[in-house]
Structures are given as C-alpha cells and as structure tokens.
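# Tertiary structure, described
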Amino acid sequence: MSKGQQPTTDPTKMGVGRSIAVLTSGGDAQGMNAAVRATVRVGIYTGAKVFFVHEGYQGLVDGGEYIRPATWESVSMMLQLGGTVIGSARCKDFRSREGRMKAACNLVKLGITNLCVIGGDGSLTGANQFRTEWSGLLAELVRAGKITEAEAKKSSHLNIVGMVGSIDNDFCGTDMTIGTDSALHRIIEVVDAITTTAQSHQRTFILEVMGRHCGYLALVTALACGADWVFIPEMPPDEDWENHLCRRLADQRARGSRLNVIIVAEGAMARDGKLISSEQIKKLVTDRLGFDTRTTILGHVQRGGTPSAFDRILGSRMGVEAVMALLEATPETPACVVSLSGNQAIRLPLMECVQVTKDVTAAMAEGRFEDAIKLRGKSFENNWNTYKLLGHINPPDVKSNINVAIMNIGAPCAGMNAAVRAAVRMGIIQGHNMLAISDGFDGLAEGQIEPITWTSVSGWTGKGGSMLGTKRSLPSKMLEEISQNIAKFNIHALVIIGGFEAYVGGLELVQAREKYEEMCIPMVVIPATVSNNVPGSDFSIGADTALNTITSTCDRIKQSAAGTKRRVFIVETMGGYCGYLATMAGLAAGADVAYIFEEKFSIKDLEVNVEHLVEKMKTTVKRGLILRNEKSNANYTTDFIFNLYSEEGKGVFDCRKNVLGHMQQGGTPTPFDRNFGTKMGAKSVLWLTDKLKECYRHGRIFANTPDSACVLGMRKRALTFQPLAELKEDTDFEHRIPKTQWWMKIRPIMKILAKYDIMLDTYEHVDMEHLIKKRTPVMK
C-alpha cells in the first residue's frame, strides 16, 4: 500500500503469480475475521492466489483439506462474527522441527511463499523461527526426496507478516491489538450492570478481568468506570496496601458513595511476587470493614461476542497493510508486524517487538516496575498516570484560590460527562474551585453557574448525553453579559467541551479579548461531537459511540436480508457535512458504498454503483448496503437515491431505506469514549494550571496570547494543544469541517473490500520503524 512503489507499479498486478496463506493461531480475539477478510480480498485484488489455513499451525502441519483456496465470496458476512471462522488451535507438532518440516513441505507443494499470521507473541515468534529455518528445512526435504530441486528453488524464500490478535493488549509496539477494544466492551457492559445492583444494596464489588501478564484491560476498565482501586501485574501496590485500600473504601462511603468497585487483573501480584486473588481482597474488605462484598470473575465472556467497530476497522486496515508488506518484502526485509500507533498504520520488526514484550516480563520479575510501565508503551503509561492522578491523591489542604469553570456546548454526545468528571476532579486535586455552567453560553450569560464538587460527579463516566445541559447558541450576541459574569463569579479559566460550536464559540471569545479584558483568561476546547468535525483533532469524544451504534444497526439490517435475498439497504447517517461516520461505518459494516460531501459524486457514479450491485446479485452474496451522509449532496437526497436504486434494480433487487436519526447521539459511552474523555478532561486542567502560572502578573491573571486559548486534540500519535487562532486556516466554516481530514486516506480500502477496481495510490506509504530507540533509556 505504498507510494514507495514506483508510480509504474500497478497494485492490481503486484501479486500476480504469487500465493498468500492466512492463519489464525493461539487464543481467539474479536476482529480476527475482519483481518482475515481484508487479507483475502486485498490479496485477490493484487492478483495473488490466497489460501485459508484452518485450525492454525496444526492445519499447516497436517496440510491436505486444512489448506484451501479462499474466494471473494468465502469471506462474506464474516465481519460481524466474533472469534475466528477459520479456527485456531494450540499446536505442539509445530514446536518440533519435524512438524515444521511437514508444514514447509505442504506450503512448497502449493507454491505458497507468503504467510500472514494473526495471533499473539507466541504465534508470531513461531512464525519467525519457521522463516529463519526455511532454507534448512527445504534442503532436508530435497535430501529426503519429498520435494524436487526445482520446487525448492521456486520457493527459496518465505515472507512472514504478523498481525497481533490478543484481547490482553500485551504486545509491545502496538497501541491496540485486535480484540482488545471488544473485550473492553464486554467488561464495561458487565460493570454497568453490576453498578446498578451494587448501588441498590450499598455493596462493594470486586471484578476480576483477564490479563495474566498484562494489566491493560484492568487499567482501562478502572479508568472507564471510575473504580476505587485497580490491581495490575506491572505495578504491584505498596507494602501497606491493605490499610490504604480499606481507608480509601471507608473514605468513599463517608463521602456518600453507595458503592465501591475494585478491578483485579488475573495476574495481579504483591511486591513479593505472590498473587493477589479476588477472594483474598474480599476477605480483607469483609473482615476489616464489614462491607457487603461480592466478587465476579468474568472469564471467557471477554473473548466472546461481536467485534466492536474499532476492532473491525483495525482488523481491516491491518489486513490491507499486511498484504502490501508481504508483496513489498525482499529476502533482506526482517519479518514484520503491522500495527497501529495513534491512527497511523505502522510496520515494526517482529522480533524487536517480541524482545520488548519479553523485557517487560523480565522487568516485572526483577521488581523494576517503573521500567515495566514504560516498556509497555506511551499509551499504557498515559493511562497509568491518569489513573494515579484521579484515583490516588487526596485533595490538598491548601487551596489555589483559582476558579475554573466548565461548560458543554452544541449537541450532546456520549463521553461528555466523563470529560467533565475528570476535569472537575483534576481541578480539585490541583486545589482549584470548580464551577459548572449549565446550558452552554446561555447559562454563562444568564449566570447559571454553581460550584461542582468531587462527589457531585460520581458515576458520571458511564452516563450518556450531557449532565450539565448544553445548547448550540454562540456567544457573539451576549458578550456583554458573559464578560460581566466572568468578572462577577471571578472565573480565571474556562474548559469548553463540545462540537463545532464549542470551537467557533472559543474563537469568538478570543476575538472579543480586544474589547473585553474579562475574556483574557486561559481557555481550552475539548472536541466532543458524534460528527468528528472539530479542527485540531483526529478524533472527538462521542464519535466512537455513534460509530458502534450505526455499525450494530447495520448488522441487524443486513441480517434481516439473510432470508429474503436480493435486497439493498440505503442507510442515512448523521455527521452534518462531515463524512467520518458514513466512511468508518461503511468500513466496519462492510458497505458497498458510502456517499459523503467531501468526495463529490455525480449521476455517472450512482449509475456505476447500481451496475456494481446488479453484478453482485449474480454471485452468492445477494444483499447490498449503501450509506449516505445526511448532507452529502443537496439534490441527491436519501429519497432520490432510494428511488433511483429501486427503479434501476427492478427485477434484480428491491430496496429499503433507513434514516438512523438521533439514536446516534444517545446511549451509554463506549470504553474508548469514556477513556478518551477522562484523559482529555484531566490533561486540559493540568495544562490550564500551567498556563495560569504563566499568565499571573501583578496579582492578577491576564492571558491574551494566541497560545492561551487552545484546542486539545489527538494528532496522529499524541494529545496536543493547538491555538484556536492558528486552526482558522484549516477550517471550512461554511460546511463546518476541517479542510484536511486523515480518514479520507482510508476510503480506498472500503472500495477495494467492496470489489471496486480503483488504484491505491492515494494511500500513505508505510515504512518499517524501530522500537529499539524507545527502549534505550530504560535499559541502563
């Protein structure tokens, strides 16, 4: 998938005369099927032959019926299935040289020299060993007369690419492994259900989640549900943890909390290396505090169920990247894993990642716990630091005399409340007085401003919508009243959480600084909107929840066609003029096309799409899914497209239409939105605290530089603060979207997976990166 290829390279010819095999190995993970589907379809797109290897490495060793050709249709309707359709098995035979010899023989006979392995670090290490031994195995097979010299020469080199499928997220070098997000969905569903029953009875709940060597699931769950305590293997609690834990729980009850939640990773241990079990914690809490305590061990529920939208998109993007990495590989290229960092697809040398993963285990065994956290990577470290700040520090006795106000602007979305909660608590930890403004800029103009406390935001992470209340009004018509109330309530800093209106409102306040000195205070805008259309951030809070709602609805809609056959569904999504939801849902739900404003389309394009569906109905896949962003075209409305498809498809397929509407803004936030909102809320207040120190002059706060009013956004791989004024250049104000949008580069993938003949030259080139430089500081 590469601009590194010469422009003359036709991606549809890259794989001609070559064969690719795909297998899933080790523990199953939701999203593996999306990766298999993408590998097969992109392999076929490049002209390569693609084979399924059933039952993991066992199938590779046994050969015969276990290695079968894959077709375009054979991966249809796989996207929404959990587990792995081609099967996975733990395989002892492959661990012996004799077993690997059989596997090599089977591959040579079929002319397969490209292997795509989806699994954990054990599976990928095995693949690398197989590759290292390849020439030796072939030489032995020739000597034994099992293969000819000509066959050996033809298959002289084996290329390997790995994709990490593991719900534990225990593989270093990648932000998220396939299956992790879905496992978090299962866990959070349980936490939400348990919370309601625990509050009814004033109970303490101890929840044990998977993670024998990695605490990622436990840590993110603790962040996403505001747990009182988390036990993870990477960072055992201090010596006196029993007393500390009991103090914390008693303190929470004294503050009026009706429940306590403790999250335990199955591999949690004490400083002396002994395991800390759920039962041990239960006994402690019951004996010392007399609290009514229950334990729930989640077990294999976490592996099951349908994959989340994120895992489907991750699996699909990784599958595409894996095929390109295989076809671009040379004998000198080290075996690589394709992975995701931020929203960037990256390639990393497989054995470097395996080595760093082993280094984590070694660091934990040697008691170097700080190193273990660092080696896990930036994402893990950030999660741990945020958790520590929000969970482990009592508010200081000394107050800062700073008043920080928080407001929600624009349409409500899931995750807003998580950001408010984190901002409020982080502010209290910093010694500030926190103020809540109800109903957006209207509330600020009308003086609807109240103090907000630590306990008043309890339980907010899991609540959808906006607890503060929100409106779309912009401040320009009420600047006089706003400036008076900023002075009256002595507001020193402002956190604005919302969508495009929050961004424009922030800009209007900055422009008003010339006239109103009261506006000269530090401000930060946190993007929160289902549309994901705020300049300065690749993601906004709420978009992931909306995406999952659309995806699960499309799954149901597609399923309804399973009996009737020959049916095409036209589904309208939200997003204003921004095509993010339609594009990403198209990729996650396996749509045939997604119409968006950013990619102009004409009647000729519509005609091509209809013909494409007519051809599709001749295959075994007799259903179609069309997504249309609500403002993609003023004239080609959802009704127009529905009527056009109905007329042109007469006698071949019939049509149904579905406008999803406001269900996309509702619902409880996904784990991603809870975690993202929590990190953004906490980071925004820490930044404001530093800015306030910078802007404090002659006994008062005065901030009028461009960098004192910023958007906090996710950019490629990091959370960054960008001045509102600087982002104006990149904004299309008429259509309320950024001028450059990263996800446009992913659109070709959706079209290829829907069998359109297009060129991949728009896709970003991905070079091999290295992990070793990240390791150096902690390897002293």
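Procedures and definitions
- Residues numbered from 1 in each chain as written.
- Predicted model: local features only at pLDDT ≥ 70, side-chain atom pairs only at ≥ 80, totals over all residues.
- Heavy atoms only, no water.
- Helix = DSSP H or I, 4+ residues; strand = E, 2+ residues; numbered from the N terminus.
- Buried < 20%, exposed > 50% of the residue type's maximum accessible area, 1.4 Å probe, protein only.
- Contact = heavy atoms within 4.5 Å.
- Areas by Shrake-Rupley, 256 points an atom, 1.4 Å probe, with all protein chains shown as cover.
- 1 Å grid on protein atoms, 1.4 Å probe; cavity = no way out; pocket = protein on both sides within 12 Å on 5 of 7 lines; lining within 4 Å.
- Points joined across faces, edges and corners; volume = space filled by probe spheres on them.
- Nonpolar A, V, L, I, M, F, W, Y, C, P; charged D, E, K, R; others polar.
- Salt bridge = Lys/Arg side-chain N within 4 Å of Asp/Glu carboxyl O.
- Axes fitted to C-alpha atoms, helices over the stretch in contact; angles between N-to-C directions.
- Parallel < 35°, antiparallel > 145°, perpendicular 65-115°, else oblique.
- Pairing = 2+ DSSP bridges.
- Right-handed = clockwise from strand over helix to strand, strands pointing away.
- Phe/Tyr/Trp six-rings, centres within 6.5 Å; stacked < 30°, edge-to-face > 60°.
- Lys NZ or Arg CZ within 6 Å of the ring centre and 35° of its normal.
- pLDDT = per-residue confidence, 0-100.
- Core = buried A, V, L, I, M, F, W, Y, C linked by side-chain atoms within 4.5 Å.
- Lys, Arg positive; Asp, Glu negative; His and termini not counted.
- Polar contact = N/O pair within 3.5 Å; in protein donor to acceptor, adjacent residues only side chain to side chain.

Here we take up the overall build of the protein. Counting secondary structure elements, the protein contains 25 helices and 27 strands. Within the protein, the fraction of its 780 residues that count as buried is 62%. Taking as baseline every contact in the protein between residues at least 6 positions apart, the subset at least 24 positions apart corresponds to 79%. Split by element, the accessible area of the protein, about 29,700 Å² in all, is 51% carbon and sulfur.

Now for the layout of surface pockets. Approximately 970 Å³ is the volume found for the second largest pocket. Every element with two or more residues in the lining of the second largest pocket is listed here: α4 (121-143) and α11 (350-365). Its residues placed into classes, the lining of the second largest pocket shows 8 nonpolar, 16 polar and 11 charged.

Attention now goes to the pattern of salt bridges. Side chains carrying opposite charge are able to pair once their charged atoms draw close together. Within the structure shown, the criterion is met by 36 salt bridges. For R255, the salt bridge goes to D251, with nearest N and O atoms at 3.9 Å. Note on D251: relative accessible area 29%, which makes it partly exposed. A salt bridge links E328 to R347; the shortest N-O distance between them is 3.1 Å. Remark: R347 occurs in strand β11 (residues 344-349) and E328 occurs in helix α10 (residues 309-328); sequence separation between them is 19 residues.

Orientation of α10 relative to helix α18 (residues 543-564), taken along the N-to-C sense of each, is 85°, at an axis distance of 9 Å. In terms of orientation, α10 and α18 fall into the roughly perpendicular class. Contact residues: A309, F310, R312 and I313 in α10; D544, L547, N548, T551 and D555 in α18. Its residues placed into classes, the contact of α10 with α18 shows 4 nonpolar, 2 polar and 3 charged.

To continue, consider the sheet that holds strand β19 (residues 593-595). Within a sheet, adjacent strands bond to each other through the backbone by hydrogen bonds, running parallel or antiparallel. Strand order across the open sheet formed by 4 strands is β19-β20-β18-β21, with parallel pairing between neighbours. A strand with exactly one partner marks an edge of an open sheet, and here the two such strands are β19 and β21 (654-659). Ignoring which end each strand starts from, the neighbouring axes of this sheet average 20° apart. In this structure, strand β18 (residues 567-573) lies alongside strand β20 (residues 623-629), joined through 7 bridges in parallel fashion. Paired with E572 across the two strands is R628, which belongs to β20. The sheet contacts of α18 involve β18, β20 and β21, and relative to β18 the element is tilted by about 165°. Lying over the sheet, helix α20 (residues 603-616) contacts β18, β19 and β20, oriented at roughly 160° with respect to β20.

Counting buried residues in strand β1 (residues 19-24) gives 6 out of 6 residues, a clear majority hidden from the surface. The alternating pattern of β1 places S19, A21 and L23 and I20, V22 and T24 on opposite faces, both of which are buried. Pairing of β1 with strand β2 (residues 49-53), which is carried by 5 bridges, proceeds in the parallel orientation. Within the sheet, the bridge partner assigned to A21 lies in β2 and is F51. For the crossover that starts at β1, traverses helix α1 (residues 32-45) and ends in the parallel β2, the hand is right-handed. With 5 bridges connecting them, β1 and strand β4 (residues 114-119) associate as parallel partners. Within β4, the position partnered with I20 by the bridge is N114.

Here the structure, examined in full by the defined rule, presents 20 aromatic pairs. Seen from their ring centres, Y216 and F380 are 6.4 Å apart, and the 40° between their planes marks the pair as tilted. Note that Y216 is positioned in helix α7 (residues 216-225) and F380 in helix α13 (residues 378-391), a separation of 164 residues in sequence. For Y216, a relative accessible area of 5% puts it in the buried group. Every member of this aromatic cluster is reached through a ring pair, and the members are F539, Y580, F672, F676, W742 and W743. Stacked on the ring of F291, the Lys or Arg R253 has its end atom at 4.3 Å from the ring centre. Here the guanidinium or amino end of K600 rests over the ring plane of F597, the centre of that ring lying 3.6 Å away.

In the predicted model, the protein carries a mean pLDDT of 91, and 96% of its residues have values of at least 70. Taken as a whole, residues 1-7 scores under 50 in pLDDT and shows 19 contacts with residues more than four places along the chain or in a different chain. Residue range residues 773-780 is modelled with pLDDT below 50. Its contacts to residues more than four positions away, or to other chains, number 9 contacts.

A few words now on the nonpolar core. Core analysis: the largest hydrophobic core is formed by 176 residues, its most contacted members being F231, I262, I263 and Y580. Looking at this core, the element that brings in the most residues is α10, giving 12 residues. Apart from the residues within four sequence positions on either side, I263 is in contact with L207, V209, A218, T221, A222, C225, A227, W229, V230 and F231. Formed by 39 residues, the second largest nonpolar core is a distinct cluster that contains I112, F171, I346 and L348.

This part is about the sheet that holds strand β10 (residues 336-341). If you trace the 7 strands from one edge of the open sheet to the other, you get β3-β2-β1-β4-β5-β10-β11, paired in mixed fashion. The strands lining the two open edges of the sheet, one partner per strand, are β3 (67-69) and β11. When the angles between neighbouring strand axes are averaged without regard to direction, this sheet yields 25°. Sheet strands touched by α10: β1, β4, β5 (159-164), β10 and β11. Its angle to β10, the strand with the most contacts, is close to 140°. On the sheet, α11 packs against β10 and β11 and is oriented at approximately 85° with respect to β11.

It is worth spelling out the side chain of R41 at this point. Structurally, R41 is set in helix α1. For the buried R41, no salt bridge is present, and the opposite-charge side chain at shortest range is E73, 7.2 Å distant. A distance of 3.2 Å separates a polar atom in the side chain of R41 from the backbone oxygen of W72. Polar side-chain contacts of R41 include one of 2.9 Å to the backbone oxygen of L753. Those residues within four positions of R41 in sequence are excluded, and the remaining contacts are W72, V75, S76 and L753.

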